[in-house]
Amino acid sequence: YESSKWRRYSVDTFSHNTILVDGLPQRRNTRDRWGNVAKEPLPITWRSGDVFDYAAASYEEAYGKADHRPASHRREVLFLKPDLFLVVDRLTPSDEAEHRYEARWHMASTHVVKGSSPGSFASADEGQPNLAVIPLATVGLETEAASQQEEPEILGWLVHKTSKHMPTTTVRHVSKGTGAKLLVTLLVPLRATEACPVRAVRTVEDAMVVELGDRLLHVRVGAGVVAVRETDAAGRVLRVASAPGE
């Protein structure tokens, strides 16, 4: 029941893999201690099949304080089996003002290196599985990684209930401006000793194209749809996934 800066950080949005709006954490309008417990089925989209799994849900409540709703956040996750995760974050403001959207990715490592594509980072722990975090929509996107930071805010720590703090790394993706914003992130799990296969990310017409060694990933995110097509170097289609965004 203590109220240190570590406790406040560990139980709030700041230490989770989601979005801050204007630097503010999520604040649900709850009147009792069980207010966050669902009392009826939530409006969540879920699909599962042999090629991919897909889930989507929205947060349309407050940020910072219970009556402040600067924007809504819809997250879609597409797991392209067995090796790739695509995360799409759609931010829709409630006004015409400029807002700052910050996606946080907390990596259980202090050995994090920059990747070959813009804004990408990957853990690089020898003899251990690792993870690469690859932003795909990079125009106007600011990215950075921080570890073991305490000022001006806590970044790069995992706080245990025992009050022990484990050094980690927080990767931040920041998009600023007016109007709706789109953050698209590819998460690539890596086996021990495996190097990140992402060589480059480029935009071709309306698609984000990811070079993954000897294959290409074509990602299209439109109004209400997330579509992925994987091809080999000769253009032969290997996998296709398309899911509704609404």
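Whatever comes next refers back to the structure up there.
One structure accompanies this document, and this report is about it. Residue positions within a chain follow its written sequence, with the count starting from 1. Whole-chain, interface and lining totals are the exception, using all residues; otherwise, since this is a predicted model, local features are given only for residues with pLDDT of at least 70 and side-chain atom pairs are given and counted only at 80 or more. Side-chain descriptors were evaluated using all non-hydrogen atoms of the structure, hydrogens and water having been removed beforehand.

**Some thoughts on the packing of aromatic side chains**
Inference 1: Any Phe, Tyr or Trp ring, taking Trp's six-membered ring, that has another such ring centre within 6.5 Å forms a pair; planes under 30 degrees apart are called stacked, those over 60 apart edge-to-face, and the others tilted. For the coordinates displayed, the defined rule picks out three aromatic pairs.
Inference 2: Pairing Phe79 with Phe85 gives two aromatic rings, centres 4.4 Å apart and planes at 5°, and the pair type is stacked.
Inference 3: Only protein chains enter the area calculation, which uses a 1.4 Å probe; residues under 20% of their type maximum are buried, those over 50% are exposed, and those in between are partly exposed. Phe79 sits in the partly exposed class, given a relative accessible area of 21%.
Inference 4: A relative accessible area of 29% places Phe85 in the partly exposed class.

**A word on empty space enclosed by the protein**
Inference 1: In the cavity and pocket records, a cavity denotes points on a 1 Å grid over the protein atoms alone where a 1.4 Å probe fits but cannot get out, a pocket denotes an open set with protein on both sides within 12 Å along at least 5 of 7 lines, and lining residues are residues with an atom within 4 Å of a point. Grid points are joined across faces, edges and corners, and a volume is the space filled by probe spheres set on the points. Counted according to the given criterion, the structure contains one cavity of 30 Å³ or more.
Inference 2: Lining the largest cavity are Leu78, Leu80, Leu84, Leu86, Leu186, Leu217 and Val228.
Inference 3: Strands are runs of DSSP state E lasting at least 2 residues, helices are runs of H or I lasting at least 4, and numbering of each runs from the N terminus. Of all the secondary-structure elements, those providing two or more residues to the lining of the largest cavity are strand S6 (71-80) and strand S7 (84-93).
Inference 4: Each residue is assigned to one class: nonpolar for Ala, Val, Leu, Ile, Met, Phe, Trp, Tyr, Cys and Pro, charged for Asp, Glu, Lys and Arg, and polar for all the others, Gly among them. Split by residue class, the lining of the largest cavity holds seven nonpolar, no polar and no charged.

**Comments concerning the nonpolar core**
Inference 1: Judged by nonpolar contacts, the single largest core of 28 residues is most densely connected at Leu78, Leu86, Leu136, Leu186 and Leu217.
Inference 2: Considering every element that reaches this core, the biggest residue donor is strand S16 (residues 181-190), with four residues.
Inference 3: Beyond its immediate stretch of four places on either side in the chain, Leu78 contacts Phe52, Asp53, Tyr54, Leu84, Phe85, Leu86, Val226, Ala241 and Ala243. Working definition of a nonpolar core: buried Ala, Val, Leu, Ile, Met, Phe, Trp, Tyr and Cys residues. They are joined through side-chain atoms within 4.5 Å. Contacts are assigned to residue pairs that have any heavy atoms within 4.5 Å of one another.

**Topic: a negative patch on the surface**
Inference 1: Together, Asp22, Asp95, Glu96 and Glu98 make up a negatively charged patch on the protein surface.
Inference 2: Position of Asp95 relative to the elements: it lies in the loop between S7 and strand S8 (99-107).
Inference 3: Overall, Asp95 belongs to the partly exposed group, its relative accessible area being 37%. For patch building, the residue pool is restricted to those with more than 30% relative accessible area and no salt bridge; the joining distance is 9 Å between like charges and 5 Å between nonpolar side chains (Val, Leu, Ile, Met, Phe, Trp, Tyr). Residue burial considers only the protein chains on display, and all accessible areas are found by Shrake-Rupley using a 1.4 Å probe. Here, a salt bridge means any Lys or Arg side-chain nitrogen found within 4 Å of an Asp or Glu carboxyl oxygen. Only four residue types enter the tally: Lys and Arg on the positive side, Asp and Glu on the negative side; His and the chain ends are excluded. Each charge is placed at NZ for Lys, CZ for Arg, CG for Asp and CD for Glu.

**Focus on the sheet that holds S8**
Inference 1: Strand pairing is defined by DSSP finding a minimum of two bridges between the two strands. Spatial strand order, S1-S8-S15-S12: four strands in an open sheet with antiparallel pairing. Bordering the open sheet on either side are strand S1 (19-21) and strand S12 (142-146), each of which pairs with just one other strand. Neighbouring strand axes in the sheet, compared pairwise and without regard to direction, differ in orientation by 20° on average.
Inference 2: For S8 and strand S15 (residues 169-177), the ladder comprises nine bridges, and the chain directions are antiparallel. For Trp105, the partnering residue across the bridge sits in S15 and is Val171. Axes here refer to lines fitted to C-alpha atoms; in helices the fit is confined to the stretch in contact. Angles between the N-to-C directions go from 0 to 180 degrees.

**What about the environment of Val87?**
Inference 1: Note that Val87 resides in strand S7.
Inference 2: In this structure, the C-alpha to C-alpha distance between Val87 and Thr110, residues 23 residues apart in sequence, is 23 Å.
Inference 3: Val87 has contacts with Arg75, Glu76, Val77, Trp105, Leu183, Val184, Thr185 and Leu187, leaving out every residue within four places of it along the chain.

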